[in-house]
Amino acid sequence: MISMTNITKVYDTGKIEVEALRGIDIEFERGDFISIMGPSGSGKSTLMNIMGCLDVPSSGTYVLDGEEVQGLHHNRLAEIRNEKIGFVFQNFNLLPYATARENVEMPMIFRGTTAGERRRRSSELLDLVMLGDRLDHKPGELSGGEMQRVAIARSLANAPAIILADEPTGNLDSGSGREILNLFHNLWKEGRTVIIITHDASIARESKRIVHMMDGRITPDGPVPA
Amino acid sequence: MKSIFLLRYYGRELKVQRKKIALTVAAIAWGTLSIVLLLAFGEGMKDQILRARKGLGEDLVIVWGGQTSLPYKGLPRGRPVRLSDEDIDLLRRRIPGIRRISGEYSRWGTPITHGAKSVSRHMVGVNPEFGLMRNWIAERGGRFFDREDMERKRRVVFLGSKLREELFGDRQAVGEQIVIDRMPFTVIGVMKEKLQMGMYSGPDVDKAAIPLTTMETLFAQRSYFGNFVYQPKDPEARKSVEREIYRVLGTKHQFDPTDESALSIWDAIESQKSMSNMMMGIQVFLGVIGGLTLLVAGVGVANIMYVTIKERTREIGIKMAIGAKPSNVMHQFLIESLLIAFVGGAVGLAVSAALVSVLQGIEIENEGLQFLGKPEISWEIGLITVCILGLIGTVAGLFPSRKASRINPAESLRYE
C-alpha cells in the first residue's frame with residue numbers, strides 16, 4: 001500500500017541545510033498497525049508529513065496505493081489527502097468556529113458529498129466515537145478527549161484506507177488516551193491501515209510493528225516492547 | 001448545499017474578527033461616500049450649468065454688424081456694416097437653413113417707472129421669434145408679444161423677472177401700466193425665473209422687451225440695430241449657414257463675403273459644446289479624486305486580508321490537510337475580501353443617498369452657489385461605484401488569497 005524508496009527531505013533555511021530524512025526505504029501493507037518511534041528530531045513527523053502528502057520529498061520515490069506521489073500537482077495531492085488519508089494530530093487541529101458535526105462534515109464538503117449524505121454520515125461517525133449527544137458543540141465546549149474523538153471521526157469522514165496519527169494521545173490524560181487507543185484498535189480491526197507516530201513505548205506496544213527512527217534514518221525494526 | 005455551508009462557516013470566521021474588519025469596512029464606506037458624493041455633485045453641477053447655458057437660449061448664433069477690412073469692388077475698407085429689418089427679411093427669404101431670426105434693437109439706461117418706483121434698465125426691441133429663441137418664457141397668466149402686436153406697433157412690454165420684482169414687489173404685474181421714457185405701456189407678460197450662463201448684454205432677468213416695430217417708431221434714434229439673433233435648422237450645418245449669411249449680406253452691403261471683420265459672430269452652439277466638454281472633464285476629475293480615495297481604502301482591505309491570513313495560517317493548514325485544494329482556499333479569501341468591499345460599499349451608498357436626499361431639500365439663495373446645483377445620484381453613478389468596489393475587492397483580495405493558497409500545509413500546521 002505504501003512504498004517509499006530512498007526518500008530524503010532537506011530543509012534549506014538559507015544559512016544551513018537540515019537533512020530531516022536521509023534515504024528512507026520502507027513498505028507498509030494494507031491492514032498494518034504500525035508505530036513509528038524515535039526521539040525528538042529523528043524525522044518521524046517529517047516522514048508522516050510526506051506519507052500524508054502534506055509535504056513533498058526532496059528526492060526518492062513514494063508510491064501510495066499504486067500511484068507515484070512525489071511529482072503530483074498540488075490539486076491531486078489535496079484529493080489524495082481527502083480520499084485516502086485520515087489525519088489525527090496531537091493538538092487535535094479542529095476548526096474552532098465549526099461544531100463537532102461541521103468539523104466531521106468538512107472533508108465531505110471538499111469531496112462534494114451531498115448535504116443529506118453528509119448529515120447522515122457525520123451522525124454515524126460521532127455515534128461511533130460516542131459523541132452522538134455533542135453534535136452541535138464547538139471545540140471550545142469539549143474536553144481534550146472529546147476533541148480528539150471528533151478528530152478521529154473527522155479522519156474517517158471519507159472512509160480512507162489509511163489513518164495517520166501524530167502523537168494522538170500526547171495532550172490527553174491517561175484515561176482519555178486509553179479510550180483513543182481503543183478506537184484506533186477498533187479501526188485497525190475493521191481493516192484500515194493505522195500508522196501512529198509516537199515516542200511513548202506504551203503506545204507502541206499497542207501496534208503490531210514498530211519502526212524506529214534516529215537522525216533521519218530508519219534503524220532496524222525492534223521487537224514490540226513488553 | 002455546499003455553498004451555504006461554507007458561507008455560513010466563513011460568516012462565523014468573519015464574525016470573530018468583526019472589530020478588526022469594522023475599521024476596514026468603515027474605510028470602504030468612507031471611500032464610497034467620497035466617490036458617490038463627488039460624482040453626484042459633478043452630475044448636479046453639470047445639469048445646472050447646462051440648464052444655465054440654456055438660459056441664454058439653445059442653438060443660438062448672435063451676429064453684430066462689424067467693419068470691413070478688405071476693399072471690395074472699388075469701395076475702401078473700414079466701412080461700417082449696419083443691420084436693419086431689411087436684412088432680416090432678406091436672410092429669412094434667401095437662406096432656408098435658418099429656422100428663426102430676429103433683429104435686436106438695444107436701448108441702455110431706459111427710464112422705467114411704476115407708481116413711485118423708478119429704475120433705469122436695458123430695453124430691447126425684438127420680434128416674437130426672439131422670445132422662443134432666447135427662452136423668454138412667460139409666467140402663467142402672461143405672454144410674449146405676437147404678430148398682431150408687431151403689426152399694430154402696440155405699446156406692450158414683457159418684463160424680466162427681477163425687473164418685475166423691482167417695480168411691483170410681490171404684486172401681479174400682467175395687465176398693469178408702466179411708464180417707459182414718459183410713455184405708458186401695458187405689461188403683457190413676465191419672464192419665468194431662469195438661471196443664465198452666457199450673456200452679451202447683461203442678464204435677461206433685468207431687461208424689458210417691446211415689439212421691434214414699436215421700438216423703431218417710438219424710440220429708435222437710428223434706422224439700424226446693433227445685432228440679430230438666429231437659430232439654424234440643423235446646428236451641425238451652422239457653418240454653411242454662416243457662409244450664406246456672409247454671402248447674402250455681402251452682396252447687399254457691398255463687402256467681400258470672405259471678409260470676416262464685416263460681421264462679428266458669437267457661435268453660442270460652439271460655446272455650449274465646449275462647456276459640455278469642460279463639464280465632462282470636471283466630472284472625470286471628480287471621479288478620479290473619489291476613485292483614489294476608494295483606492296486607499298482598498299489598500300486597507302488588502303492589508304487586513306494579509307493580517308487575517310497570517311493569523312489563520314494554521315486553519316488554512318487544517319483545511320488543506322483534510323482535502324481543501326489551493327483554489328478552495330483562494331476562493332474563501334477572495335469572497336471575504338469582496339464581502340468587506342460590498343458591505344462597506346452598501347453602507348457608503350446608503351449614507352450618500354440619505355445625504356443627497358437631505359441636500360436636495362435645501363433651497364439655495366446665493367447666486368454663486370446656485371451654479372453648483374444640487375447633487376444627483378444616477379444609476380450610472382451607482383453602476384460605476386459597484387464596479388469599482390468589485391474591482392477593489394477582487395484586486396485587494398487577489399494577492400493575499402494567492403499567498404494563502406500557496407501555504408505549505410505541513411509548515412502551516414506547526415504555526416502558532
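Remember, predicted model here, so these are calculated numbers, not experimental data. (Residues numbered from 1 in each chain as written. Chains lettered and ligands numbered in written order. Predicted model: local features only at pLDDT ≥ 70, side-chain atom pairs only at ≥ 80, totals over all residues.)

Some words on the overall build of chain A
Per the secondary structure count, chain A includes seven helices and ten strands. Relative to the compact-globule value of 17 Å for 226 residues, chain A shows a C-alpha radius of gyration of 17 Å, a close match. Oriented by its inertia axes, the alpha-carbon framework of chain A measures out at about 45 × 45 × 35 Å. Taken across its 226 residues, chain A has 47% of its residues classed as buried. Across chain A, the fraction of contacts at a sequence separation of at least 24, relative to all contacts at a separation of at least 6, is 68%. (Helix = DSSP H or I, 4+ residues; strand = E, 2+ residues; numbered from the N terminus. Rg over C-alpha atoms; globule rule 2.2 N^0.38 Å. Buried ≥ 20, exposed ≤ 12 C-beta atoms within 10 Å, placed from the backbone. Contact = placed C-beta atoms within 7 Å.)

Considerations on the overall build of chain B
Helix and strand counts for chain B come out as 14 helices and nine strands. Out of the 416 residues in chain B, the part that is buried amounts to 39%.

Here we look at helix 2 (residues 18–56) of chain B
For an α-helix the count is 3.6 residues per turn, leaving residues at separations of three or four pointing the same way. When the terminal C-alpha atoms of helix 2 of chain B are compared, their 56 Å separation across 39 residues agrees well with the 57 Å that a helix rising 1.5 Å per residue should span. A positive backbone phi angle near 130° is found at glycine 57 of chain B, which sits one or two residues after helix 2 of chain B. (Expected span 1.5 Å × (residues − 1).)

Brief notes about the interface of chain B and chain A
Each partner contributes residues to the interface: chain B has 22 residues there, and chain A has 21 residues. Tallied by class, the residues present in the side of chain B that touches chain A amount to 14 nonpolar, three polar and five charged. (Nonpolar A, V, L, I, M, F, W, Y, C, P; charged D, E, K, R; others polar.)

Brief notes about helix 1 (residues 44–51) of chain A
All names here are of chain A. Extensive coverage of helix 1 is indicated by the burial of eight of its eight residues. The set of residues buried in helix 1 consists of Lys44, Ser45, Thr46, Leu47, Met48, Asn49, Ile50 and Met51. Where helix 1 terminates, the next one or two residues include cysteine 53, which has phi positive at roughly 60°.

Here we look at the domain arrangement of chain B
Residues and elements named next belong to chain B. Its domain assignment divides chain B into domain 1 (2–54 + 273–413) and domain 2 (82–254). When each unit is reduced to the centre of its C-alpha atoms, the spacing between domain 1 and domain 2 is 54 Å. Each side of the interface is counted separately: domain 1 has six residues, and domain 2 has five residues. Looking at the side of domain 1 that touches domain 2, its residues break down into two nonpolar, one polar and three charged. (Domains from an automatic or database assignment.)

Considering the nonpolar core
Ranked by internal contacts, the top residues of the largest apolar core, which has 110 residues, are Leu164 of chain A together with Val36 and Val301 of chain B. Leucine 164 of chain A has contacts with Met48, Met51, Gly52, Ile85, Phe87 and Ile195 of chain A, leaving out every residue within four places of it along the chain. Of all hydrophobic cores here, the second largest spans 53 residues; its members include Val81, Ile98, Ile101 and Phe225 of chain B. (Core = buried A, V, L, I, M, F, W, Y, C linked by C-beta atoms within 7 Å.)

Topic: the sheet that holds strand 8 (residues 193–198) of chain A
All names here are of chain A. Spatially, 6-7-8-3-9-10 is the arrangement adopted by the six strands of the open sheet, whose pairing is mixed. The sheet is open, and its two edges are formed by strand 6 (85–88) and strand 10 (217–219), each paired on a single side. Along the sheet, successive strands turn relative to each other by an average axial angle of 25°, direction set aside. As paired strands, strand 7 (residues 162–166) and strand 8 are joined by five bridges and run parallel to one another. Among the inter-strand pairings, leucine 164 is bridged to a residue of strand 8, identified as isoleucine 195. Lying over the sheet, helix 6 (residues 174–189) contacts strand 3 (33–37), strand 7 and strand 8, oriented at roughly 150° with respect to strand 8. (Pairing = 2+ DSSP bridges. Axes fitted to C-alpha atoms, helices over the stretch in contact; angles between N-to-C directions.)

Re the pairing of strand 3 (residues 117–126) of chain B
Residue and element names in this part refer to chain B. Of the strand pairs in this sheet, strand 2 (residues 98–114) and strand 3 are connected by eight bridges, and their pairing is antiparallel. In the strand pairing of strand 3, serine 106 is matched with valine 124. Taking the residues that link successive antiparallel strands as the turn, the strand 2-strand 3 hairpin has two residues, and the phi of glycine 115 there is positive, at about 60°. When strand 3 meets strand 7 (residues 208–211), the two strands line up parallel, connected through four bridges. When the bridges of strand 7 are listed, valine 124 appears paired with alanine 209.

Some words on the sheet that holds strand 5 (residues 67–68) of chain A
All names here are of chain A. Spatial strand order, 2-1-4-5: four strands in an open sheet with antiparallel pairing. Of all the strands in the sheet, the pair left with one neighbour each is strand 2 (17–28) and strand 5. Across two bridges, the pairing between strand 4 (residues 59–64) and strand 5 is antiparallel. The residue of strand 5 that forms the bridge with leucine 64 is glutamate 67.

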